[in-house]
Amino acid sequence: NAFAHEAGIHQDGILKHRGTYEIMSAELVGLEGGRLVLGKHSGRHALRRHLETMGHHLTEDELSAVFARFKEVADRKKVVDDRDLEALVHGEARRTEPLYRLELVQVSTGTHAIPTATVRLVGPEGNPLVAAAQGDGPVDAVCRAINDVVGDVAELVEFGVDAVTEGINAVGGVTVRLRATGTPAAHTHPQDTLPREVRYTGFAAHTDILVATAEAYVNALNTLLRARTAPRTLAHKLWDAHVVRPESADAPAILYVDLHLVHEVTSAQAFDELRVRGLPVRRPDRTLATMDHSTPTRPVADRRQLAVLDPQAARQLDALRANCDAFGIRLHDLGDDERGIVHVIGPEGGHTLPGMTIVCGDSHTSTHGAFGALAFGIGTSEVADVLATQCLLQARPRTMEVRVEGALGEGVTAKDLVLAIIAQVGVAGGAGHVVEYTGPAIRALDMEGRMTVCNMSIELGARAGLIAPDDTTFAWLKGRPHAPRGAAWDTAVARWRALRSDPAATYDRTVVVDASAIAPMVTYGTNPGMAIPVTAAIPAPEALEDATDRAQHAQALAYMGLHAGRPIAGQKVDVVFIGSCTNSRLGDLRAAAQLLRGRRIAPAVRMLVVPGSQAVKRQAEAEGLDRVFRDAGAEWRESGCSMCIAMNGDQLAPGEYAVSTSNRNFEGRQGKGGRTFLASPATAAASALTGRITDPRPLLAGRPAS
C-alpha cells in the first residue's frame, strides 16, 4: 500500500506531490515509483493522467465517454489494467483505422540458430510492407523486423504474457509497452509533452505467443505514431516549443521564458530573494522593466519630477530603480520617453513577438497573446524563479476555443465583444484553459482590438488568451524598434505564419459567440461577468438558478445601489476614466475623441484620459486629441495605470459612480466605496457627455472618425 493508490483522494495527492502519501522514495525499494491502481474509487483526473502515460491524449468529450465505461468496468473488477483501458479507448474514442496492420509473422529459431523473424504489414496507403530481422531472441527478432518496416521510432521497455484461456489450444495475451526512440527515461518525446514518461501500450491475444507479440507491438506503434502526428492547437505548439523538461509525477513541467516584463509592485521581494541566495539575473537581455502601477499621472513640466503622493508607491519606485541598476536590467524610468504601462510598451516597442513565451507579475499579461504569444501572469515567488533561471514551473494547460462568428455592428467594439464573451461563459468558464479566439469577427479586429480581447481573458478565469498571427499582426509589428529587420524580418514572418492551430486540431472545450447579436455592453455588478447590453434592464437575482449566484448578484446590486428591473441606461455617472492596459492605446483615444469633438462633458462629471504610454501620449498630441479632450472639459494626463487601481489620488470617493474602460469592477477596486461600470471608450465618452450611462450609437451618427 505504500506505493499503490486506488482511492481518489490518495490518487489526487500522489499526482500533485508524491510526498503527500509516500513516506519514502519508491526507488529505494526497487520500484519505478508511486503506482496508481485504477479501480472503482479512482477519479477522472487519475484516469486522464494514466491514459496520457499510455500515449492517449483525449479531448473532454472522448474522456467523458471513456470514463463512463471505465466506471462500469471498475464496478465489475477489482482493478482495471492497461489492456482494459486500451479496449475502452479504442472502443469509445479511437474509431479510426490503424496506420499499420499485421498480415503475417514467421519466426525461425533453433538450438544453434540465430532467431530470425519475417513480418508483412499493410501500410497507411494499403501497400504491403515486408521485412526480416535477426534478434537476441524470437521476441526481439519480431520487434526488430517491425521496426525495419515502420522505422526506428520506438523501443520495447515492457513485455508481459498472461494466459487468457486454458487447455491445449490456450490463448495467450501479450502486453507490450514502448518508448519513443531516443527519449530518456525521465522525459517525454519532444512532440508529445505529456505528463511523466509516455509509454505506448499495446495488447493482443493469440494461440501463438509470437503472433500476439507482433500484433501487440503494432498496436502500440500505431498509438505512438498517432500521438506524434496528431494535429495540435496553437497553444500546444507554443508549449511544445518551450518545454525544457516535461511534467513528471513529482513536478510540473519546466517552461523556458522568452521575455520577462517587470514592474515595481511585484518585483521587490523577488530581487530580495536573489540577494539572499547570491544569484544574478540569468538573462538581463530578456528582461525589461518599467514604472507604471505606482506612477503619478498629473502633468508636470519635467516628468522626472512627477509628484508621488503615496509613500509606499514612492518606495516601490525607488526599489525598482535600485534593483535594475544593481542587476543590469533595462528600466523605463519616470522621465523615459519609452515608459508606460507594461502591457502597452511591450507590443509598441516590438519586444512582444509571435511565438514567444512572455510572463510578468501582473494578471493581464494575457494581453500579449494577441500576437500569437503564450503570455500569462505570475506571482512574486515565480518572478524570482524567472529572474534566476529564465524558466518557470508550469502544469500543461487545457485548451479552449472561443469562436466568434458573424460581424460586429456599427458602434460595437472589441471591449463590448469581450464583455459579452465573459457574460456568456462566466468568470470561471475558462479556468485552467488557454483560450484561443477564432472566427471572422476576431480576424476583422485590428491589433488594438485584439489586445483588448486577450487582455480580459483572465476575467473569464483563463490562464491566457491567444489569437493566431496573420497579416494584420505582421503589418502592425513591422518597423517597431525591437522587431527584426531586413532578411531577419522575412525569415521571422515565414516562421510566424506556421503559428496557427492545425485544421483538424481539437480543443478541450469550444464556445461559439454570435458577434452580430452583440450591442454596446456595460457591467452592472461587481465582476466583469455581470454585464448586459446598454439597452437592457438590470437582471433580477431571482432569475438565476444557482443559489450561490443569486446571493452574489443580490450582494452586488446592494453594493452598487442598483435595483433589478430598471434600465441600466440613464444611471447617474460621477466620473469617467479612459485608460488602463485594456483601453489606453491610440485607437481607444481616437474612439473617445470622435464623440467628444466639439462637445462638452456634463457639468457634474469629472473625466480622466490617461494614455497607456508616453509614445501613445506623443502620438495623440500630434493628432490634436489632447486638445479635443481638454476642450471637452476632460483632464489630459501622463501615462500610467492610474484609476484602474486607484493610485496616487486617481480614485473614486465613497459612493461615487464611474464608467471605466479598465478591466475590473470589484468592490473598492477604484477607491474605497467606489462603484464601477466597465464599458468601451465610446460608451464611456458618451456617458461623460450626458452624465448618465448612454448608448454611444445615436451620438456617433454622422460623425467622422478621429
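Below or above, wherever it landed, is the structure these notes cover. (Residues numbered from 1 in each chain as written. Predicted model: local features only at pLDDT ≥ 70, side-chain atom pairs only at ≥ 80, totals over all residues. Heavy atoms only, no water.)

### With respect to the sheet that holds strand β5 (residues 128-134)
Alright, step 1. Sheet architecture is open: three strands sit in the order β3-β4-β5, paired in antiparallel fashion. The open sheet is flanked by β3 (101-108) and β5, the only strands paired with a single partner. Recorded for the sheet is a direction-independent mean angle of 15 degrees between the axes of neighbouring strands.
Alright, step 2. Running at roughly 140 degrees to β5, helix α5 (residues 138-150) makes contact with β3, β4 (116-122) and β5 of the sheet.
Alright, step 3. In the packing of helix α6 (residues 209-229) onto the sheet, contacts are made with β3 and β4, and the angle to β3 comes to roughly 140 degrees. (Pairing = 2+ DSSP bridges. Helix = DSSP H or I, 4+ residues; strand = E, 2+ residues; numbered from the N terminus. Axes fitted to C-alpha atoms, helices over the stretch in contact; angles between N-to-C directions. Contact = heavy atoms within 4.5 Å.)

### Some words on helix α2 (residues 44-53)
Alright, step 1. Counting buried positions along α2 yields eight of 10 residues, so the element is predominantly enclosed.
Alright, step 2. At the C-terminal side of α2, G55 shows a positive phi close to 95 degrees. (Buried < 20%, exposed > 50% of the residue type's maximum accessible area, 1.4 Å probe, protein only.)

### Looking at the packing of helix α8 (residues 268-277) against helix α11 (residues 380-389)
Alright, step 1. Packing of α8 against α11 leaves a shortest axis separation of 8 Å and a crossing angle of 50 degrees. On the basis of their axis angle, the class for α8 and α11 is oblique. By crossing handedness, the relation of α8 to α11 is classed as right-handed. Contact residues: Q269, A270, F271, E273 and L274 in α8; T380, V383, A384, L387 and A388 in α11.
Alright, step 2. Taken together, the residues of the contact of α8 with α11 break down into seven nonpolar, two polar and one charged. (Parallel < 35°, antiparallel > 145°, perpendicular 65-115°, else oblique. Left-handed = near helix turned anticlockwise from the far one by under 90°. Nonpolar A, V, L, I, M, F, W, Y, C, P; charged D, E, K, R; others polar.)

### What to know about the environment of P533
Alright, step 1. Within the fold, P533 resides in strand β22 (residues 531-533).
Alright, step 2. Taking C-alpha positions, P533 is 5.5 Å from A519, a pair spaced 14 residues apart along the chain.
Alright, step 3. Excluding its chain neighbours within four sequence positions, the residues that come into contact with P533 are A519, P520, M521 and I568.

### Things to note about the nonpolar core
Alright, step 1. V404, I421, Y437 and W496 are the most contacted members of the largest nonpolar core, which totals 89 residues.
Alright, step 2. Top contributing element to this core by residue count: helix α12 (residues 414-425), with eight residues.
Alright, step 3. Beyond its immediate sequence surroundings of up to four residues, W496 is in contact with L353, P354, P469, F474, L477, P484 and W489.
Alright, step 4. Residues M560, V616, A632 and V659 belong to the second largest nonpolar core, which totals 49 residues. (Core = buried A, V, L, I, M, F, W, Y, C linked by side-chain atoms within 4.5 Å.)

### Details of the packing of aromatic side chains
Each aromatic ring pair is described using two quantities: the centre-to-centre distance and the angle formed by the ring planes.
Alright, step 1. Enumeration over the complete set of coordinates arrives at seven aromatic pairs.
Alright, step 2. Each ring, one from F271 and one from F327, has its centre 5.2 Å from the other, and the planes form 35 degrees; the classification is tilted. Note that F271 is positioned in helix α8 and F327 in helix α9 (residues 311-327), a separation of 56 residues in sequence.
Alright, step 3. An aromatic cluster of at least three residues, connected via ring pairs, comprises F474, W489 and W496. (Phe/Tyr/Trp six-rings, centres within 6.5 Å; stacked < 30°, edge-to-face > 60°.)

### Notes on unusual backbone geometry
Only a minority of non-glycine residues have a phi that is not negative, and only a minority of peptide bonds are not trans.
Alright, step 1. Phi at Q390 is positive, roughly 60 degrees, even though this residue is not glycine.
Alright, step 2. By secondary structure assignment, the location of Q390 is in the loop between α11 and β16 (391-394).
Alright, step 3. For Q390, a relative accessible area of 1% translates into the label buried.

### Digging into the sheet that holds strand β9 (residues 243-245)
Alright, step 1. Taken in spatial order, the three strands line up as β9-β10-β16 in an open sheet, and their pairing is antiparallel. Every other strand in the sheet has two partners, leaving β9 and β16 as the edge strands with one partner each. Mean inter-strand twist for the sheet, computed between neighbouring axes without regard to direction, equals 40 degrees.

### Some points on a nonpolar patch on the surface
Alright, step 1. Taken together, the side chains of L156, F159, V161 and I209 present a nonpolar region at the surface, about 290 Å² in accessible area.
Alright, step 2. For the nonpolar patch, the element with the most residues is strand β6 (residues 154-163), which contributes three residues.
Alright, step 3. Of note, V161 is situated in strand β6.
Alright, step 4. Taking relative accessible area as the criterion, V161 reaches 43% and is therefore assigned partly exposed. (Patch = residues over 30% accessible without salt bridge, like charges linked within 9 Å, V, L, I, M, F, W, Y side chains within 5 Å. Areas by Shrake-Rupley, 256 points an atom, 1.4 Å probe, with all protein chains shown as cover. Salt bridge = Lys/Arg side-chain N within 4 Å of Asp/Glu carboxyl O.)

### Thoughts on the pairing of strand β12 (residues 287-290)
Alright, step 1. Here β12 shows a buried face lined by T287 and A289 and a second buried face lined by L288 and T290.
Alright, step 2. As defined by bridge partners, strand β11 (residues 259-262) adjoins β12 across three bridges and the pair is classed as parallel. If you follow L261 over to β12, its bridge partner there is L288.
Alright, step 3. The β-α-β motif built from β11, the intervening α8 and the parallel element β12 has right-handed crossover chirality. (Right-handed = clockwise from strand over helix to strand, strands pointing away.)

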